[in-house]
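The lines below spell out each chain.
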Amino acid sequence: MSETSCFDCGNPSTHTRLPHAWMCKACRRRRHYHPQPCPGCQATRPLAYRLTDRADDTPIVCASCAGAESVFACSECGREDHPYGASRCARCILRERLTTLLTDPDTGQIHARLRPIFDELADSERPQTGIWWLRKQPGIGPRLLGQMARGELEISHDTFRALTSDRAHNYLRELLASAGVLPAYEPRIERILPWLDLKLAPLPANHADLVRRFAHWHVLRHLRNVARQRHLTKATTDNARDHISTAIRFLAYLDQHHATAAVAATQEQLEHYQTIHNISLASEYTFITWLRRSRINTQLRIPHAPAGTPAVTISDEQRWQHVERLLHDQTLRTYTRLGGLFTLLFAQPLSNIVAIRTNQITITTDDRVDITFSTIPVQMPAIVDQIIRNHLQQRGKSLYASRNTDWLFPGGKPGRHLNTENIRAQLVAIGIKPHESRKAALFQLAGETPAPVLAELLGIANTTAANWAKLAARDWTGYIADRAH
Ligand SMILES: [Zn+2]
Ligand SMILES: [Zn+2]
Ligand SMILES: [Zn+2]
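Residues numbered from 1 in each chain as written. Chains lettered and ligands numbered in written order. Predicted model: local features only at pLDDT ≥ 70, side-chain atom pairs only at ≥ 80, totals over all residues. Heavy atoms only, no water.

Visitor: Explanation requested: the sheet that holds strand β9 (residues 361–363) in the structure shown.
Guide: Hydrogen bonding along the main chain pairs the strands of a sheet, whether they run parallel or antiparallel. Spatially, the three strands line up as an open sheet ordered β9-β10-β11, and their pairing is antiparallel. Since the sheet does not close on itself, it has two edges, and those belong to β9 and β11 (377–379), each with one partner. When strand polarity is set aside, the average angle formed by the axes of neighbouring strands in this sheet is 30°. As judged from the three bridges shared by strand β10 (residues 369–372) and β11, these two strands associate in the antiparallel manner. Considered in β11, the bridge of Thr372 is made with Pro377. (Pairing = 2+ DSSP bridges. Helix = DSSP H or I, 4+ residues; strand = E, 2+ residues; numbered from the N terminus. Axes fitted to C-alpha atoms, helices over the stretch in contact; angles between N-to-C directions.)

And the structure:
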């Protein structure tokens, strides 16, 4: 090895002077980026030094163990980790760029309110990522931060509310909230605000005003409490929207039928309302209870929701949206559409649906389609009947036809029907939960159909039907009867 070759690879180089030899650029870089446990002190550091500067066979150790000044040390902070540029580490470069970005031109200092952002980013585990974030063509986040530091944008949630809500904006907003620069916020709650504005826009001013108070003082406050305890789920926020929609519906009813404001609504009016909307009492409770508690209207009373009854977590509105999609979305597989529709409309469990045989289906001469889920034929509504007729025709042409199957949904294996998971997975993929949907369907059907008929129609146990009927109707009618005495 000549006097001017790299001690590591042997190539000629006078790039870096070590006490015992030269080291080329590539080897220096490799050793810097791949620190190893030092045989002298066990610390993980870049190793390139000989324990003594003479013997060629002494172990290669860190600079400290060799008593040398490290060529790997950052020229600014002296640390060897997070190598980045030629002489300075990623952390020092990041601090410099953050300082430039976050300096308030009025004070020449880092903007006082953005100081926590500086600390958070500058001390991050991977400063290289921060440098990338602040790259030469900065993205939305750093651009907004710069504008905030220079006083061109207000540092507030309102600023974000006025901007589009995409990943980049949300990331910065969450960063500001997590560093305590902005109060905590919950994106799922936040998305309700523009939705609320849309819902309120067409309403008369007095309705809009009341619903807005209900939404802010009760519904959103409740959601924020739930979010603080980290229990917020999609079902909770869906429910919240449902409470708001229900309040709007109730006010519209008062307007149309009685020309009364919520303030003056009477118990009779409420009861009439309940008899014409014989479903989903639970969501009305919230608004009526709020009217009472905030002393806007103390005349209205609603009996407590019966305890221990089945719970419905899907609103009627959601259920009908799902039905609409399944009726019209031709991109979905037919078995997914029909499976979902049988669940959403006839409360059929998927295990029954996959096992429907063609002899349970009757097509009359005038093209009516009846399905006998249990013992009574049920007439299929429009569009559903069309989908079934098409499916039966297509099915005749399919590769399973030769197997002479009588399953409505033949499976992949000869003689077997489709697996429930095939339908379930596809429904879940488009946001439909079969089990919850079935409960919602039962709830509505139970409100419309006497329990024994329901039991026979759907093939469910009499007691199950009765329980659903109780939830959907009996409690309320019983209550009205009581008041009549
Ligand atoms: Zn080398
Ligand atoms: Zn060492
Ligand atoms: Zn440094």
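From this point, the discussion proceeds with the structure in view.
Visitor: Sorry if this is basic, but what is going on with the coordination of the zinc ion (ligand 1) here?
Guide: Put simply, a metal with four donors set out as a tetrahedron has ideal angles of 109.5 degrees, and one with six donors set out as an octahedron has ideal angles of 90 or 180 degrees. The protein atoms that coordinate the zinc ion (ligand 1) are Cys6 (SG), Cys9 (SG), Cys24 (SG) and Cys27 (SG), at distances spanning 2.2 to 2.4 Å. Here the zinc ion (ligand 1) binds four donor atoms, and the angle range of 102 to 117° at the metal identifies the geometry as tetrahedral. Along the chain, the residues donating to the zinc ion (ligand 1) fall in the pattern C-x2-C-x14-C-x2-C. Of the two residues, Cys9 is situated in the segment before β1 (16–17) and Cys27 in helix α1 (residues 25–33); the sequence distance between them amounts to 18 residues. Judged by relative accessible area, Cys9 falls into the partly exposed class, the value being 36%. The class of Cys27 is buried, set by a relative accessible area of 3%. (Donors = N, O, S within 2.8 Å, 3.2 Å for Na, K, Ca; no water. Tetrahedral: all angles 85-135°; square planar, octahedral: opposite > 155°, others 65-115°. Buried < 20%, exposed > 50% of the residue type's maximum accessible area, 1.4 Å probe, protein only.)

Visitor: Please clarify how the packing of helix α6 (residues 140–149) against helix α8 (residues 167–178) should be interpreted in this entry.
Guide: The relative placement of two packed helices comes down to the angle between their axes together with the axis-to-axis distance. Their axes nearest at 8 Å, the elements α6 and α8 cross at an angle of 50°. Considering the angle they form, α6 stands oblique to α8. Between α6 and α8 the crossing geometry is right-handed. Judged by residue contacts, Ile140, Gly141, Leu144, Leu145 and Met148 of α6 engage Ala168, His169, Leu172 and Leu176 from α8. Considering only residue class, the contact of α6 with α8 consists of seven nonpolar, two polar and no charged. (Parallel < 35°, antiparallel > 145°, perpendicular 65-115°, else oblique. Left-handed = near helix turned anticlockwise from the far one by under 90°. Contact = heavy atoms within 4.5 Å. Nonpolar A, V, L, I, M, F, W, Y, C, P; charged D, E, K, R; others polar.)

Read these as spatial facts, not as claims about activity.
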